[in-house]
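Commentary on secondary and tertiary structure
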Amino acid sequence: MKKKKLVVSAATVCLLLLEFGCLRESVAQQKKKDVQPPPEAAITAEQAAQLEAVITTELGVIRFEFFFDKAPKHVQQFVKLARAGSYDGSAFFRVIARGIIQGGDPQLKNPQTPRERWGTGALNQITDEFSDLKHIRGTVSAVRIPGQANSGGAQFFICASPQPPLDGQFSAFGQVTEGIDVVDKISLVEADSRQLTLKPVKIISIKIEPKKAEPFKNATVDQLRREVLLRTSLGDITLELDPNLAPEHVRNFLKLVETGWYDHTAFQRIIPGFVVQGGASSTRAGGAAHPADRWVRKLKAEFNPTLHIRGVLSMARAGDPNSADTSFFIVLGPAPHLDGRYTVFGKMIDGFDTLEKMEKVARNGETPVERVELIEAVIKP
């Protein structure tokens, strides 16, 4: 069942940010207590493109990449503060369910800081860098005092759902690449009527690390010529991938196998004499997110003249020819109506007994009555 998303209005979000950024305690006085970031930063655009932030919280890990070209000062400041350990031990202290989560106030490092001061620290430190970036799910943006120019600082928020009214009003400087499920989890912690968490969600650390490399991104055709073992609940299947037919589909499949993306998904569709189909993210237990989701993208069709006959490996898609991403199917019998319309990228070379077992499972329509799990997918040496 899909969870309903709550899109929070700009007025609501701005009111919340304003409420905690403009308390009666003088922000100017508080500024003197906060550590000011250096006016100059060593990080360059080229360096920023190779880095990402790793936020380790008590509820999980969030990683995000930087948009240096859109907000260079904010990226430089965030990296410097993170490397200095300024965020370590602080917390996410304000949440809107499935809306936003906010953190970065250094005062939260002290558990004795009164609640009325949460959100008042480290503001008025940096000039605005508004851009055309949209506040979509996973956008990382700088907290500021609405209506007050150049009032941002160390505090930041992450969108758990699209917030289009905030576009052009806040300085977006990053995008979550892993851990959006953790953002959701934090957004749902218990909070009071002012959206202050009853208990802050501790930020154990924020580290700056090299951006994870996408597996097989630059592999040659020869390096893509591999065999993959699928260990299923009904037995093993061995696939031979053919990059000469569809190099980008093979590259995509190997990437997902290498990262473990397919592990513990299922074959959700079986039609005797036609196909067995698997590899949909919705078949993973609870529809859980996976770290390699960051590399899931739509594939441009690579149709070829290979016939869809028993044992052929092909890519599932929606109505758009360029809509394939993770779901694949193995053909059980001649299917000429698929020829030239779906991308063939390999074939089975072993495990036909397992395929026969799949074909015989009890079904409710096209759905197996009992789960046929893809326990693990492994690239053979």
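This text follows the structure it describes.
Conventions used here
- Residues numbered from 1 in each chain as written.
- Predicted model: local features only at pLDDT ≥ 70, side-chain atom pairs only at ≥ 80, totals over all residues.
- Heavy atoms only, no water.
- Helix = DSSP H or I, 4+ residues; strand = E, 2+ residues; numbered from the N terminus.
- Buried < 20%, exposed > 50% of the residue type's maximum accessible area, 1.4 Å probe, protein only.
- Contact = heavy atoms within 4.5 Å.
- Polar contact = N/O pair within 3.5 Å; in protein donor to acceptor, adjacent residues only side chain to side chain.
- Patch = residues over 30% accessible without salt bridge, like charges linked within 9 Å, V, L, I, M, F, W, Y side chains within 5 Å.
- Areas by Shrake-Rupley, 256 points an atom, 1.4 Å probe, with all protein chains shown as cover.
- Salt bridge = Lys/Arg side-chain N within 4 Å of Asp/Glu carboxyl O.
- Lys, Arg positive; Asp, Glu negative; His and termini not counted.
- Charge placed at Lys NZ, Arg CZ, Asp CG, Glu CD.
- Core = buried A, V, L, I, M, F, W, Y, C linked by side-chain atoms within 4.5 Å.
- Expected span 1.5 Å × (residues − 1).
- 1 Å grid on protein atoms, 1.4 Å probe; cavity = no way out; pocket = protein on both sides within 12 Å on 5 of 7 lines; lining within 4 Å.
- Points joined across faces, edges and corners; volume = space filled by probe spheres on them.
- Nonpolar A, V, L, I, M, F, W, Y, C, P; charged D, E, K, R; others polar.

1. Some thoughts on the environment of Leu299
- Note that Leu299 resides in the loop between β12 (275-278) and β13 (312-315).
- What makes Leu299 buried here is its relative accessible area of 9%.
- Once the C-alpha coordinates of Leu299 and Met315 are considered, the two residues, 16 residues apart in sequence, prove to be 9.8 Å apart.
- Ignoring sequence-local partners within four residues, the contact set of Leu299 consists of Glu248, His249, Asn252, Met315, Pro321, Asn322, Ser323, Ala324 and Asp325.

2. Structural notes on the side chain of Glu52
- With respect to the helices, strands and loops of the structure, Glu52 is situated in strand β1 (residues 51-57).
- Under the relative-accessibility criterion, Glu52 is labelled buried at 0%.
- Within polar-contact distance, the side chain of Glu52 engages the side chain of Arg63 at 2.8 Å.
- A distance of 3.4 Å separates a polar side-chain atom of Glu52 from the backbone nitrogen of Lys212.
- When neighbours within four sequence positions are excluded, Glu52 is seen to be in contact with Arg63, Phe64, Glu65, Phe66, Thr177, Lys207, Ile208, Glu209, Pro210, Lys211, Lys212 and Arg294.

3. Comments concerning a negative patch on the surface
- A cluster of acidic residues, Asp236, Asp350, Asp353 and Glu356, forms a negative patch at the surface.
- With respect to the secondary-structure elements, Glu356 resides in helix α7 (residues 352-359).

4. Details of the nonpolar core
- Of all hydrophobic cores here, the largest spans 37 residues; its most connected members are Leu230, Leu239, Leu241, Phe253, Tyr262, Phe328 and Phe345.
- When residues of this core are assigned to their parent elements, the largest contribution, five residues, is made by helix α6 (residues 247-258).
- One finds Ile62, Phe66, Phe92 and Val182 within the second-largest nonpolar core, a separate group that totals 35 residues.

5. Quick word on helix α4 (residues 72-83)
- Along its twelve residues, α4 runs 16 Å from first to last C-alpha, staying within 8% of the 16 Å computed at 1.5 Å per residue.
- At the C-terminal side of α4, Gly85 shows a positive phi close to 80°.

6. Topic: empty space enclosed by the protein
- Within the structure shown, the criterion is met by two cavities of 30 Å³ or more.
- Each pocket or cavity is described by its volume, and for the largest cavity that value is around 50 Å³.
- Around the largest cavity sit His74, Gln77, Phe78, Tyr87, Ala142, Gly153, Ala154, Gln155, Phe156 and Phe173, which together line it.
- The dominant element in the lining of the largest cavity, judged by the number of residues it contributes, is α4, at three residues.
- Split by residue class, the lining of the largest cavity holds six nonpolar, four polar and no charged.
- Taken as a whole, the second largest cavity holds about 30 Å³ of empty space.

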